[in-house]
Structure formats: structure tokens, C-alpha cells
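Spelled out, the chains give:
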Amino acid sequence: MAAAAMETWALLLLMLPAVRPFYVPGVAPMNFKQSSPVEIKAVKLTSSRTQLPYEYYSLPFCHPDKVVYKAENLGEVLRGDRIVNTPYSVVMNQDRKCETVCAKLKLSVEQSKLVAERIQEEYYVHLIADNLPVATRLEFYPNREGEEVVKDVQFEHGYRLGFSDNSKFYLHNHLSFILYYHKEMLEEEEEQHNFRVVRFEVVPQSVKVEDLKADDKGTCTLPEASGSAPQEIDPTKENEVLFTYSVHWEESPVKWASRWDTYLTMSDVQIHWFSIVNSVVVVFFLSGILSMIIIRTLRKDIANYNREDDIEDTMEESGWKNVHGDVFRPPQYPMVLSSLLGSGIQLFCMILIVIFVAMLGMLSPSSRGALMTTSCFLFMFMGVFGGYFAGRLYRTLKGHRWKKGAFCTATLYPAGVFGICFVLNCFIWGEHSSGAVPFTTMLALLCMWFGISMPLVYLGYYFGFRKQPYDNPVRTNQIPRQVPEQRWYMNKFVGILMAGILPFGAMFIELFFIFSAIWENQFYYLFGFLFLVFIILVVSCSQISIVMVYFQLCAEDYRWWWRTFLVSGGSAFYVLVYAVFYFINKLDIVEVIPSLLYFGYTALMVLSFWLLTGTVGFYAAYMFIRKIYAAVKID
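Quick caveat, the model's predicted, so the values are computed rather than measured.

Conventions adopted
- Residues numbered from 1 in each chain as written.
- Predicted model: local features only at pLDDT ≥ 70, side-chain atom pairs only at ≥ 80, totals over all residues.
- Heavy atoms only, no water.
- Phe/Tyr/Trp six-rings, centres within 6.5 Å; stacked < 30°, edge-to-face > 60°.
- Helix = DSSP H or I, 4+ residues; strand = E, 2+ residues; numbered from the N terminus.
- Buried < 20%, exposed > 50% of the residue type's maximum accessible area, 1.4 Å probe, protein only.
- Disulfide = S-S within 2.5 Å.
- Core = buried A, V, L, I, M, F, W, Y, C linked by side-chain atoms within 4.5 Å.
- Contact = heavy atoms within 4.5 Å.
- Pairing = 2+ DSSP bridges.
- Expected span 1.5 Å × (residues − 1).
- Salt bridge = Lys/Arg side-chain N within 4 Å of Asp/Glu carboxyl O.

S.K.: Got a sec to walk through the packing of aromatic side chains? Specific residues and values, please.
M.R.: Using the criterion set out here, one finds 52 aromatic pairs in the structure. Residues Phe356 and Phe531 carry aromatic rings whose centres are separated by 5.8 Å and whose planes lie at 55 degrees to one another, so their mutual orientation is tilted. One end of the pair, Phe356, is in helix H8 (residues 334-359); the other, Phe531, is in helix H14 (residues 527-554), and 175 residues separate them in sequence. Residue Phe531 is classed as buried on the basis of its relative accessible area of 19%. Taken together, a centroid distance of 6.1 Å and an interplanar angle of 35 degrees make the contact between Phe618 and Tyr622 tilted. Here Phe618 pairs with Tyr622, and both are found in helix H17 (residues 592-630), just 4 residues apart, close to one helical turn.

Right, dumping it as C-alpha cells:
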């Protein structure tokens, strides 16, 4: 047996050199030979001031002989990416001193006005080489006064279209490309080295047409920095512009697998750890409240309620046992409640899977648009779980019209999202932005909604409705009990403010980075941190929901169904407040339509977050109530 095992291991070891590495589809490395062409493509123009992306050729840049747009996935279309070829001629490991992109262009007054407007709005141009986005190097010297001058290098995504000075506008018409390559080891039967692009930087410059000295062969002479004037764009008249570029190659020790590290390096990872520690402290604080107050009090309550020798004292007791005959009384609008909770389950499953898969590295920024595409498809397919939970709860709440309930679950939340997005999309269409979702894509999303999501919701709802309803441990009285007058702090809005602060405190630091990624065109990639924060958020929402529903029942208010759902989503109110704070303090949006877009999409985020946290809190409270009423003897 031992000899056979040794032979097997020996065979496996012999086979190891033949094993090829596995890469996620679409992100496998591309090998270039010496002098192979490296295509430079344009993605879009973006600005954090307007939040409206535009396609590259919406401005009068040099066109290639044939403009070819890349076939894009759903995520890229929704993000506003319109990847297109450019006339830049770049060859592997061959420097170019100064070359013209095309002949001298004469911009009309309208074109000049548009370029000046985009410069004023601080637009950035995004290019890619071998799927690697261009970055502008920024060097900071935080401690110039010390003996050792430490240089802090950061990278800005894309490059600025131009700059303004004293109400004059200047265009960056010369691009100095700096590309880094990694030389691969020669393998058997290979004569030439393989090269892989591992970094793509640009140094944009503004150089006046007269100073560039271009000849008929397409080459030019770049003047010294001190002796050149910038290329001004006067929006009141026609302007002559010459677009030029230079290419410089450098060898890099960075391997292909690590080439995104430059773009994703963050100097403040400690903040994330602080966020996690802060969140864990919040959870332990809540757990302490639960264990010390709730569990001790509950044990005392249950022991008192279950004493058989002192029935008279028990009859005079006030508290949560007194509402046992009403606590499971179905609420108003049970169909709407179960539908919203079904959508919350759908969101919860989708977010959990997306964050987990992204944490494993399968949805990295190199897979352009993959995160958005995966989220859309997963939400559709999670409809079966949303339908199942909604159907079972609807039956528990004595509902009978399951078909109408299934339709309500399949349409209530998605219709709200689609309606808001459609209205916002009309405004984006009016601005001729590439962020506008094309009509065909909207039809495709509608087909996914009615062709995938709705049938799956109906399927889940059917099986959930057929299953036995949740087993409630006590019977409901025929005549509802009168609810005593409640104190001011039992008000719904006060409950929302109290319940929302701790879960929001557990995640607000991570929220800042998510907002920066969405509104300031940053990369977000710390999905490991996000997964931990998500788990902490779920735990804290569950705990605070149990605390709030316990106090409500102690006040002999049995109308907990809707209240728990609303109060548990209280952290969504703080997300809205934080979004307003972020808009005022961090963003420089002044126009009406960008502001409308910001608050429209923020409303969608807040609505989704409320559904998610409300659902988590509701099910935690429901399980808690069933548990405590099962532990007491009811005559």
C-alpha cells in the first residue's frame, strides 16, 4: 500500500510542470512580443462636479480611420462606459519622442465653447491600455522641514482634460504616456521574451500649437517646459489645436498578478481596522445589554409567570405576558408587509452573495462592470427565496389571495426602483450623457424582470404559501385588547432615532469609502472589510430590534409587526442624513440636474437599505417573540 501511494505521489509531482495556471474568464494576461502593437482605448469622460459621464468622442478629439466600439456587458452600460478605439499608435518597448495624433484641428465656436465648458466642470479623460486604466501620478511632500524628505506618491484616475486660470481655459493637448512592462521568463520552444503591461501612467501637458513645431512626417518637437506657453481655448472664437503624444517604456519588477496594486493602494487601511474595532465594540455593547438586562429580566418574568402557587399576584402582573392573546394578531395590510419583507430577503441574499464572491477576488475592478452585472442577475434569481418567505408569512398572517400577494412581491419594490431610474434617465438623456441607459437595455431589463424575476417569485410564493404557516405558541383572542396610552419615548419616530444610531455607528466609516467610490470615481475593493461590516450590521440590527420590541411589549403595545419593520430600518434615516452631509461638505455639485441625480440615487440606496435592515430586524424580533411566549404557561 505504501509503495503504491509513493508511486502515485511521484506521478503527480512529474505532472506538475505541465499544469497551466487558471484565470478567471476575461481577465487572463495578454502577452506582447517586442514591437507588437498595444492598443490604447478610451472609456469615457467623468466629473465629480456633474456626475454625468460622456463618451470620448463627444469632444472634438482626433478620430481613427474607423471608430469601433467594444461590445459591453450590462454593468458597463449602466456605468456609462463606452469603450472605443483611439488613433494613438503605441508599440511594445519602443519609445516615441513626440508624434502628432492627427493633423491640426480647427475647432468651431460651438466646439470651443463645449471644450471650455468641460474644462470648467473639471472633467477627467479615462483611457485604458491592455484593460489597465491610465493614472496621473501625484507626488506629495508632507514633511519638507525634516532632514529626510519623504515623498508620498498617489495616483489620480484618468487625467484632467485641462485647467483654468484667471477665467481662461487651457487644454491638455500633449500626453506623455509612461508604460511599465514586466518581462516574462523564456519558456521552452520560445525564441522571444513575452512582455506584459503592468502600469499605465500619463503626464498631461498644455502646449501652444506654434511651439510644437510639427512636420509632414507626423513628428514634432516638444519645447522645454520653461519656454512654452499653454494651449488656450477661447470659447468666443475658433481655435486651432494640435494633439500630440510621446511614449516611454520602463521595465518593472511588478508581476502581472499584482499590477492593480498601484491603483488600489490606500494609505489609510488603518481607518478600516479602526472601523472594524469600533463596530465590534458596538456589537459587544449591544450584546451586554441583551445578556445583562433582557435575559436576566426575561428569566425573572418567566419564573414569575410560571409560578402556580401565587395565581393572584400573577393576575396583577403587568408586562408582556398580558398581551399574549393579541401579540400574534395579524396587522393591517398583511400583503404589503409580506411583500416588502420578501423584497428585503431578496436584497439580503443578493448582497450577501455579491460581497462574499467579491471578497474572494472574483469581482475585482479589472473585470469591468462585473459587480453591477452580477448584482442585477443575482437579484433576479433570488426572487425564488423572496417569494418563498413572503408566501409563508402571508399565510401565517391569515392571507388567502396568494396570486395577488405574489404579484405584489414581484412588483412593489422593483417598480419603485424602475420608476425612479426611468425618471432620472430622462434627465440624463436630455443632457446627452453616456450615463443614460439605452432604450434597448431598458427593454432587456424589463424582460429580465418579467421573464426571470417574476416567474421565480411566483414559484417561491406558491411553495411558501403551500407550506405550513409559522407555528405561533399562543392562540389569538377574538376581541382585541385595548392598548394603554403610551409614553412619549414609545413614539415611532423616537424609536427610529434610538434604534438606528448604533447600527449606523457600526458602519459609517465604511460608508464614506463606498460614497467616494460611487460619487468621486474611486475604486472600491476592500470587500473583506465590507463583509465583516455587513455581518456586524446584521448582528447589531437583530440585537437592537429585540431590545426595542421587548420594551414595546412590556408597555403592553402588541402592534409590533409594522413598527418593528420601520424601527429596525432606522439606520437608513442616518444614511440619508449622512448623504446630505456628504453632498454639502464633500461634493462640489452646483447644478440642478446633477443634484437631482445625486438625491434620486441616494433615495434608492436609502430605500434599499431600509428594506434590508428592516427585514433583518423583523425576523430577529419575530423569532424572539415566538421563543419567549413558548416559554411561559398560558391558561
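S.K.: Please set out the state of the cysteines residue by residue, giving values where relevant.
M.R.: In a disulfide, the sulfur atoms of two cysteines are covalently bonded to one another. According to the stated counting rule, one finds 2 disulfides in the structure shown. The disulfide partner of Cys62 is Cys102, and the gap between their sulfur atoms is 1.9 Å. Residues Cys62 and Cys102 are joined by a disulfide whose S-S torsion is about -55 degrees; by sign, that bridge is left-handed. Of this pair, Cys62 sits in the loop between strand E1 (40-46) and helix H2 (74-79) while Cys102 is found in the loop between strand E3 (96-100) and strand E4 (105-107), placing the two residues 40 residues apart along the sequence. Covalent S-S linkage joins Cys98 and Cys220, the inter-sulfur distance amounting to 1.9 Å. In this structure the cystine formed by Cys98 and Cys220 twists about its S-S bond by roughly -90 degrees; its chirality is therefore left-handed. Here Cys98, found in strand E3, pairs with Cys220, found in the loop between helix H4 (209-212) and strand E14 (232-233); they are 122 residues apart in sequence, far enough to count as distant. Side by side, Cys98 and Cys220 carry an identical accessibility label, which is buried. In the chain, the bonded cysteines, taken in the order they occur along the sequence, pair up as 1-3, 2-4. Unpaired in this structure, Cys376 has its nearest cysteine sulfur neighbour in Cys421, at a distance of 9.5 Å. Cys421 sits in the partly exposed class, given a relative accessible area of 27%.

S.K.: I'd love a proper account of the nonpolar core, names of residues and values included.
M.R.: Counting residues in each nonpolar core, the largest one holds 79 residues, and the members touching the most others are Leu393, Phe624, Ile625 and Tyr629. Those elements that provide at least two residues to this core are helix H6 (269-305), H8, helix H9 (370-381), helix H13 (492-519), H14, helix H15 (561-568), helix H16 (571-585) and H17. For this core, the element with the highest residue contribution is H17, accounting for 16 residues. Not counting the four nearest positions on each side in its chain, Phe624 is found in contact with Ile294, Leu298, Ile546, Val549 and Tyr550. Grouped together as the second largest cluster of nonpolar side chains are 54 residues, Tyr57, Leu161, Leu171 and Val247 included.

S.K.: An account of the pairing of strand E12 (residues 174-183) is needed here, citing residue identities and associated values.
M.R.: With 9 of 10 residues buried, E12 is to be regarded as a mostly interior element. Sheet analysis places E12 next to strand E13 (residues 195-205), joined by 10 bridges and oriented antiparallel. By the bridge assignment for E13, Phe177 is matched with Val202. Where E12 and strand E16 (residues 244-251) come together, 8 bridges link them in parallel fashion. Note that in E16 the partner of Tyr181 across the bridge is Glu251.

S.K.: Outline unusual backbone geometry, supporting the account with residue identities and numerical values.
M.R.: A positive phi angle is found at Asn166, which is not glycine, with a value near 55 degrees. Position of Asn166 among the secondary structure elements: in the loop between strand E10 (162-165) and strand E11 (168-171). The exposure class assigned to Asn166 is exposed, which follows from its relative accessible area of 69%. The residue Lys398 is not glycine, and still its phi comes out positive at about 65 degrees. Tracing the backbone shows Lys398 in the loop between helix H10 (383-396) and helix H11 (402-430). For Lys398, a relative accessible area of 56% puts it in the exposed group.

S.K.: A description of H9 should follow, citing residues and the corresponding values.
M.R.: Side chains three or four residues apart in an α-helix point the same way, a direct result of the helix having 3.6 residues per turn. Taking 1.5 Å of rise per residue, 12 residues should cover 16 Å, and H9 covers 16 Å from first to last C-alpha, within 8% of that figure. Looking only at H9, the buried set comprises Ala370, Thr373, Ser375, Cys376, Leu378, Phe379 and Met380. At its buried positions, H9 is contacted by H2, H8, H10, H11 and helix H12 (439-466).

S.K.: Requested: an account of the pattern of salt bridges, with residues and values cited.
M.R.: Where charged atoms from two side chains of opposite charge come close, those side chains can pair. Here the structure, examined in full by the defined rule, presents 13 salt bridges. Across the pair Arg118 and Glu117 runs a salt bridge whose closest N-O atoms are separated by 3.6 Å. A network of salt bridges, in which partner residues are shared, links Lys44, Arg79 and Asp81.

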